Amino acid sequence: MKSIINSTIKLLFRNVGFWFFMIVTPILSTLILKVEQTNLSSYELNGSAAASSVVEIESADEKVAYYSGKGRYVIKVYDACGSELSEYMLSKMTESGAFLVCRVKVPGMTKEELDERISLDAEKDRLGAALFLGKDFDAEAAAGAVKDGMKVFILSEDERKSLMNSELTMILGQIRSAAQGGGDILGTLKSMNDNLPKKTVETLAAKDEIGLTNEQIDQRTLIGYAFAFMTLGFVFAGIFIAHTAINEKKDMVLTRIRLTRLSNAQYFTAKFISGAIVSALLTTIMAGCSFLISEEKLGIDRLTFVVMIFLLGLIFCSLSLLLGILFDNVMSANIAAFSLWSLSAMLAGLYFPLDSATDTVKTISYLMPQKWFLSITENLMTGDGKGFIMLLGVTAAYMVIILSLGSVGIKFRNNE
């Protein structure tokens, strides 16, 4: 077995393609992890309070399409008023449960700036309507003649725009009625609302649901992209090892090896150990590159991240080695490797969330190792200790399956 491992490693080191994937994929993964960008995935509004509260966004450039509306009509509010009455109106809109209100505070926004923002929102964002609240909102709402204090921009063909208009008309009518009585308008409005039937909101969520902050969602998304690039390197590293096995059979080297009474299981184990060595080398390069990224940017402990990369690589390197041996053809093995990488990454949700996918797709995604490693990443980000147990358990399960199929696959290819 030792001579097989040595000869396999030597052949790999003479392969230019092997060195290409060995060096390029860690560099690409590092560049992805260093990306300084938010809104990389859709955000979930966690908790029952989130369903009836205004979502505060920091910048007018931030896109509200990344916030999960859960079927609600999305409204982006440019609040240049910042008064208690404007706060009341926005809060009342969210209470119905039909609207998702995302507010950005823009004191001093000019008409030209507003027009520019609305044009960009219509072109590059996905929302139902935009709402501007000016400094004259309080006086005009109390007088019942809103003109410059509030402007509504319909940015979609959604039929719920009429529902939004009705809601705004009702709230403005309440404000006008409260103002006509004189005295404290907000106090009057509170008294009016106290006489209305109370609504109780109960959120039903899965027990195992993991709540991540928006920053952690971005970090998880970047780690998913890094997994995608690294698995490409591991998959083709395994294929290059499979090439050696295919050529050994073609050149009758395998026949001479079997004359030494080396079993099929031992032969595959030798190739598997070669894959483990290559995975360790690739992980070492990635570990060195990871020091260019702070642990705060990664979202998890650096050592844990490196261990996850190694174990994920061990799975994919062995899996591609298995496929190469089963196909017994260099070209077919290359196609199978690329298909394995692309389909598994997509079905695991590395590129985009699968929340809205069908139950069939979601079930298939649980067969992909990356899906489990993303779930483990979420557990580690939230400090859940069971992530380490899952990490070892998932790796062990895949290794047992791959090693078993590998020895059987060699017998099958040899027509035994």
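Structure shown above.
Bear in mind that the values here come from a model prediction, so they are computed numbers and not experimental data.

1. So, the side chain of T283
- The residue T283 is located in helix α10 (residues 264-290) in this model.
- Not counting residues up to four positions away in its chain, the partners in contact with T283 are F234, V306, I309 and F310.

2. A few points about a nonpolar patch on the surface
- Together, M1, F13, W19, I23, I27, L28, L31, I273, I277 and L281 line one region of the surface with nonpolar side chains, adding up to about 800 Å² of accessible area.
- Breaking the nonpolar patch down by element, the ones donating at least two residues are α2 (16-33) and α10.
- Among the elements that take part in the nonpolar patch, α2 stands out by supplying five residues, more than any other.
- Along the chain, I23 turns up in helix α2.
- Among the residues examined, I23 registers a relative accessible area of 42% and is labelled partly exposed.

3. What to know about the sheet that holds strand β3 (residues 99-105)
- Strands sit in the order β1-β3-β2-β4-β5 across an open sheet of five strands; the sheet is mixed. This sheet does not close on itself; its edge strands, each paired only once, are β1 (55-56) and β5 (150-154).
- Pairing analysis gives five bridges linking strand β4 (residues 129-133) to β5, with the strands arranged antiparallel. Residue pairing in the sheet places A130 in a bridge with F153 of β5.
- Where helix α3 (residues 84-95) meets the sheet, its contacts fall on β2 (73-79), β3, β4 and β5, and the angle it forms with β3 comes to roughly 155°.
- Across the sheet, helix α6 (residues 161-180) is in contact with β2, β3, β4 and β5; its angle to β5 comes to roughly 170°.

4. Topic: the nonpolar core
- By size, the foremost hydrophobic cluster in this structure holds 66 residues, and its most contacted members are L33, F227, V278, F305, M308 and F373.
- Counting only elements with at least two residues in this core, the list comes to α1 (2-13), α2, α8 (214-250), α10, α12 (302-327), α13 (330-347), α15 (369-381) and α16 (386-413).
- Take this core: its biggest share by element is 17 residues, from α8.
- Ignoring anything within four residues of it in the chain, the contact list for L33 reads L222, I223, A226, M286, I293, K297, L298 and F305.

5. Structural notes on the pattern of salt bridges
- Here the structure, examined in full by the defined rule, presents ten salt bridges.
- E56 is the partner of R103 in a salt bridge, and the nearest nitrogen-oxygen pair spans 2.5 Å. Of the two residues, R103 sits in strand β3 while E56 sits in strand β1, which places them 47 residues apart along the sequence.
- For R103, a relative accessible area of 2% gives the class buried.
- Note on E56: relative accessible area 41%, which makes it partly exposed.
- Across the salt bridge formed by E95 and K92, the nearest N and O atoms sit 3.6 Å from each other. Of this pair, E95 and K92 both sit in helix α3, separated by three residues, roughly a single helical turn.

6. Some remarks on α15
- Counted at 1.5 Å a residue, the expected span for α15 with its 13 residues is 18 Å, and the 19 Å between its end C-alpha atoms agrees.
- Counting buried positions along α15 gives eleven out of 13 residues, so the element sits mostly inside the fold.
- Taken residue by residue, α15 has P369, Q370, F373, L374, S375, I376, T377, E378, N379, L380 and M381 as its buried positions.
- Immediately beyond the C-terminal end of α15, within one or two residues, lies G383, with a positive phi of roughly 80°.

7. Brief notes about the pairing of β4
- Within β4, five of the five residues are buried, which leaves the element mostly enclosed by the surrounding structure.
- Residue alternation in β4 divides its side chains into two sets, A129, L131 and L133 and A130 and F132, and both sets are buried.
- Here β2 runs beside β4; their pairing, made up of five bridges, is parallel. Note on β4: the bridge partner recorded for V77 is L131.

Cut-offs applied
Residues numbered from 1 in each chain as written. Predicted model: local features only at pLDDT ≥ 70, side-chain atom pairs only at ≥ 80, totals over all residues. Heavy atoms only, no water. Helix = DSSP H or I, 4+ residues; strand = E, 2+ residues; numbered from the N terminus. Contact = heavy atoms within 4.5 Å. Patch = residues over 30% accessible without salt bridge, like charges linked within 9 Å, V, L, I, M, F, W, Y side chains within 5 Å. Areas by Shrake-Rupley, 256 points an atom, 1.4 Å probe, with all protein chains shown as cover. Salt bridge = Lys/Arg side-chain N within 4 Å of Asp/Glu carboxyl O. Buried < 20%, exposed > 50% of the residue type's maximum accessible area, 1.4 Å probe, protein only. Pairing = 2+ DSSP bridges. Axes fitted to C-alpha atoms, helices over the stretch in contact; angles between N-to-C directions. Core = buried A, V, L, I, M, F, W, Y, C linked by side-chain atoms within 4.5 Å. Expected span 1.5 Å × (residues − 1).

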